[in-house]
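A closer look at the structure
Letter by letter, the chains look like this.
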Amino acid sequence: MRQGRMALCLALTVLLGIPRLVAFPDPAAAQGVGGVDSYTNQLVERVTVRIANPSSDGALNSRVEDQVRTLLSLFPGDRFSEERLAFQLSQARRIKDVASTDYEVQFGARNGLEVVVEVTLGDVSAEGRGLAFGGDFPTIYDRNGTYVRFKLDLLGLYYANNNAWYGRPDAMLADNPLVQGTPAGEGWDQWLETYAHYGIYGITPIAPQTYLYGGLSAITAGSAGQELFTDKSRSYTGIEDAYLGVVGGSTDARGNRLAYNLTFGRQRFTLADGFLMANTAANGQERAALQANARWASDFLALAQLRYNDTKFELFYIDPDELPAIDSNTTYLGANVEMKPMDGLTLGAAYVTSPSSNFSYFSPVGGIAGTREGLKVYDARLSYSPNPSGQAGPFFGAEYAVQRNKNFDMDARAGWAEAGYSWPQAKWSPTVSYRLSMFSGDDPATATYERWDPILSGGNGQQWVQGANHFKVVQNSNVLAHRVQASFRPSPKVEIVPQLWAFYADQENNIGGNPALSFLDGEEYGFEANVTAKWFINRNTYVHGHLAYTIPGDAAKSALGGDAKNWLSAMVFFRYAF
C-alpha cells in the first residue's frame, strides 16, 4: 500500500509538471555534534560548596556555606553559564570571613555537570579587586557589588570524513545554496576550523537585591580545507552577545526563594533539554566554523523568568540568527513552566507559536501545504530519578509534543521515552540507557499535513543531535531513532560516551527532507556507531574528540541508486577559555 501511494505521488509530480521540491538541511542541524559547547548552557546535576580551610568553629563554616549557596542561586536543573557564575562568586566574595572563591566543573552521572565551588576563609577584604586595582586578569573591576570581567574563548578544531554524504554529494547536495566550490564526498577529506570569542560582561546593583547586567562580545572564525559544503577558505567577524537584563530575588525567613530575570538582546536560549529549541543561531557558509558551532546567540531574545523554590515560569520571544542565504524570517513566541512536585521528579510543559515565517511545508502531490507562520506547538515532559544524585539507581524521561497550524490542517506528533541506570560509585561510574524517539512523517493518503517540523531542535550529541553523521542527512523529522548509550568516567574530569543508533522512516514520503531521499522504497535509513571522549584538563582547558561510522540502510541505498558508501568521520578540538 505504501509503495502504491509513493508511486502515485511521484506520478502526479511528473504528470502535473510540478517543479522539483527542494528542501535543504537546516544549517544549524548540519553543525557538529555540539561537543564544542563543552559546558556552557549544559544542565547542572549537582552543586557542591566546600571550604578549603575550614575553621575550628563549625557554626562559622555552616554560616558561610549557607550564605554562599544563597548567593550562588545555582540549583540542579539550571543551565551552566560561566558569566553568571562569575557574577555570583563576586557577590559571595563580599561575605564576611570569605577571602576568595573558585570553582571547577566535572562530568555528572547523567550527561550533565557537577559544579564544585571552593571557598577560602580569611580576613581579606573583597573590595577593590581586578585590573582597575592592580589585580588579576580577567577581572576588570570588582567593587561595591559592581563586577566587570573580560571573556576570551579560543578553539582549534580538526575534522575529517571518509565518504561524506555516503560518497554521493552530487545527489545529496544537488541545488543546495550552501555549496560553494567542491564539497566533501567520496574518499578522504579534511579541514581545520578556529574561532576566538571575546567580550566584556558585567553586573551592578541598582537597588537592594536587584542587579543590572549585560554582555557584549564578538566572534572571529575561520575555516580552511575540504569542508562538508565547500573547499573555500574563509573568515568572518561578527557580533555575538549584545544584551541587557535585570535580575533579583529574595529569601524569606522560612527559606522560600523568589527570583526573577528580565533580559533582551542578542543571546542564546534553550528550552528544556533542546528537544524543541536549542540551535538559535546558524554556522557555516560565509560565517565559517560549521562544526565548531561558534555561534549560538539569536538575533533577538526577550525573556522573562520567574522562579519560586522549585517552580520556574518563562515567557520568551525569539528571532533566530539564520544564515542570510536561507533566512526564513521565522520568529517564535512561547511559554514554559517547570516544577518539582517531589524529590527526583521534574515535570514541564510548554507552548510555542510562530507569529511570522516564510518557511514552507511541501505537499507530496506538489505545491506548498502551508507555511510555518501560525504554527502552534504543545509540549509536555517529565524526568524521574528515584535515587538521590551520587547514588546508584535508575532514571527515566519522556516527552510528547503536538503541532498544529491555525492557517491550515496540520497534525504532527513527536515524542521520546528513555530508561537508564547509573552506578556513580562503581569503577569508572558507568551509566547505560536506551532511548526511543519518534518524529512523524506526512502520510500522502490524508489531506492533513503530518510531517514534524523540527524548528530549532538540537544541542549536542547526547541531546538532540541524533548521530554525528546521520543527523547531517536526516534531521529530527520523519524519523524513528533507537539509541543505546553508555558513559564511563575514568576520573571526574574524563568522560567516554559510546552510542549505537538505528534510524527508520515513519513514512516513505520524505518530501521536505533531503531531496535525494524524497521518495523512499522502505523505511531503513541507516545505522551508526560512534564514541566521544571528553577531558576537562582544568577549568579553562578542554579537549574533545569523536569517531563515528555510519552505514546507509536499504531505503537510503535504493534512493541513491544502490551507490551509497559507509561514512566515517573523525574530529578533535582543543578549547581554552576564561
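Keep in mind the model is a prediction, meaning the values are calculated, not measured. (Residues numbered from 1 in each chain as written. Predicted model: local features only at pLDDT ≥ 70, side-chain atom pairs only at ≥ 80, totals over all residues. Heavy atoms only, no water.)

As a further point, take helix α2 (residues 58–72). The end-to-end C-alpha distance of α2, which contains 15 residues, comes to 21 Å, matching closely the 21 Å that a straight helix rising 1.5 Å per residue would cover. Among all positions in α2, only Leu60, Asn61, Val64, Val68 and Leu72 are buried. Buried residues along α2 cover an arc of 100 degrees about the axis, so they all sit on one side. Next to the buried residues of α2 lie β1 (44–51), α3 (82–92), β2 (98–107) and β3 (113–121). Capping of α2 at its N-terminal end is provided by Asp57; its side-chain oxygen lies 3.1 Å from the backbone amide nitrogen of Ala59. Count one or two residues on from α2 and you reach Ser73, which has phi positive near 50 degrees. (Helix = DSSP H or I, 4+ residues; strand = E, 2+ residues; numbered from the N terminus. Expected span 1.5 Å × (residues − 1). Buried < 20%, exposed > 50% of the residue type's maximum accessible area, 1.4 Å probe, protein only. Arc of directions from axis to C-beta. Contact = heavy atoms within 4.5 Å. Polar contact = N/O pair within 3.5 Å; in protein donor to acceptor, adjacent residues only side chain to side chain.)

Counting across every chain of the model gives 29 aromatic pairs. Between Phe87 and Tyr147, the ring centres sit 5.9 Å apart and the planes meet at 75 degrees, which makes this aromatic pair edge-to-face. With a gap of 60 residues between them, Phe87 in helix α3 and Tyr147 in strand β5 (residues 146–162) connect regions that are remote in the sequence. The same class applies to Phe87 and to Tyr147, which are both buried. Measuring from ring centre to ring centre gives 5.9 Å for Tyr166 and Trp567, while their planes differ by 90 degrees; the resulting arrangement is edge-to-face. Of this pair, Tyr166 sits in the loop between β5 and α4 (169–172) while Trp567 sits in strand β24 (residues 567–577), and the two are 401 residues apart along the sequence. For Trp567, a relative accessible area of 0% gives the class buried. Pairwise contacts between aromatic rings join Phe107, Phe536, Tyr542 and Phe573 into one cluster. The ring of Phe75 has Arg257 sitting right over it, with the charged end atom 4.0 Å from the ring centre. Taking the ring centre of Phe359 as reference, the NZ or CZ of Arg372 above it sits at 4.0 Å. (Phe/Tyr/Trp six-rings, centres within 6.5 Å; stacked < 30°, edge-to-face > 60°. Lys NZ or Arg CZ within 6 Å of the ring centre and 35° of its normal.)

To continue, consider the confidence of the model for the protein chain. In the predicted model, the protein chain carries a mean pLDDT of 89, and the fraction of residues at 70 or more is 93%. Across the protein chain, element-level confidence peaks in strand β19 (residues 431–439) with a mean pLDDT of 98 and bottoms out in helix α1 (residues 2–15) with 37. When the criterion is pLDDT under 50, residues 1–35 qualifies, and its contacts beyond four places in sequence or with other chains add up to 100 contacts. (pLDDT = per-residue confidence, 0-100.)

For the rest of this paragraph, the subject is the nonpolar core. Nonpolar side chains in soluble globular proteins tend to end up buried together. Among the nonpolar cores identified, the biggest contains 96 residues, and Val68, Phe80, Val117, Trp165, Met277 and Phe316 are the most heavily contacted of them. It is β3 that provides the largest number of residues to this core, a total of 5 residues. Beyond its immediate chain neighbours, meaning those up to four positions away, Met277 contacts Phe269, Thr270, Leu271, Phe316, Ile318, Tyr332, Val352 and Leu456. With 7 residues, the next largest nonpolar core counts Ala86, Phe87, Tyr147 and Tyr201 among its residues. (Core = buried A, V, L, I, M, F, W, Y, C linked by side-chain atoms within 4.5 Å.)

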